[in-house]
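Spelled out, the chains give:
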Amino acid sequence: MAAGVGALSPRSVSRYLAWRIRPESAENTEPKIHQFACTSCPTDSLEGTGVASEDFESARGWIYLHLAKFPEHTGYRESVTRHWRADLLPGPVPATMPVAPRVLP
Ligand SMILES: [Zn+2]
């Protein structure tokens with residue numbers, strides 16, 4: 001990136017910000033989405049990827065259907081989509097908190 005507006009250099013960082021990062025509150029978020037995939041099938045295989053569902057048992061149920069067709073496929077990977085929230089905290093950065101640099105204009 002060329003120097004100028006938006007460029008990050010050690011001289012352009014003049015302040016650190018403290019962020020609190022946490023799962024989105026229940027009232028502000030959509031439900032988690034669960035999905036399983038077979039680790040024996042190719043990564044991009046539709047047949048090796050289960051249905052995405054808010055209901056964990058429905059998502060897991062796909063594994064039994066897959067096992068009925070491929071009993072030798074015994075490894076699975078779960079993906080969970082969960083929303084998170086980042087809140088900027090006021091005041092100085094506590095010494096124990098990870099920080100993110102802020103580039104001032
Ligand atoms: Zn499989």
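Each remark here, short or long, concerns the structure printed above.
Caption draft 1: How the structure looks around the overall build of the chain. Scanning the chain for helices and strands turns up one helix and five strands. Walking the chain from its N terminus toward its C terminus, one meets helices and strands in the order β-β-α-β-β-β. Evaluated residue by residue, the chain yields a buried proportion of 7% over its 105 residues. In the chain, the proportion of contacts linking residues at least 24 apart, taken out of those at least 6 apart, comes to 67%.

Caption draft 2: Quick look at the environment of Cys38. As for its placement among the helices and strands, Cys38 is situated in strand 2 (residues 33-38). Once residues within four sequence positions are removed from consideration, Cys38 is found in contact with Gly48, His66, His73 and Tyr76.

Caption draft 3: View of the environment of Asn28. Along the chain, Asn28 falls in the loop between strand 1 (13-23) and strand 2. C-alpha of Asn28 to C-alpha of Arg85: the two residues are 57 residues apart in sequence and 9.8 Å apart in space.

Caption draft 4: Representation of the pairing of strand 2 within the structure. Here strand 2 shows one buried face, formed by His34, Phe36 and Cys38, and one open face, formed by Ile33, Gln35 and Ala37. With six bridges joining them, strand 2 and strand 3 (residues 76-81) adopt antiparallel strand pairing. Considered in strand 3, the bridge of Gln35 is made with Ser79.

Caption draft 5: Local environment of helix 1 (residues 56-69). Those residues of helix 1 that fall on the buried side of the exposure criterion are Ala59, Trp62 and His66. Down the axis of helix 1, the buried side of the element spans an arc of 35 degrees, and every buried residue falls inside it. The outward face of helix 1, more than 90 degrees from its buried face, is lined by the exposed residues Glu57, Tyr64 and Ala68. On the buried face of helix 1, the contacting elements are strand 2.

About the thresholds
Residues numbered from 1 in each chain as written. Predicted model: local features only at pLDDT ≥ 70, side-chain atom pairs only at ≥ 80, totals over all residues. Helix = DSSP H or I, 4+ residues; strand = E, 2+ residues; numbered from the N terminus. Buried ≥ 20, exposed ≤ 12 C-beta atoms within 10 Å, placed from the backbone. Contact = placed C-beta atoms within 7 Å. Pairing = 2+ DSSP bridges. Arc of directions from axis to C-beta.

Any functional reading would require information that these geometric values do not contain.
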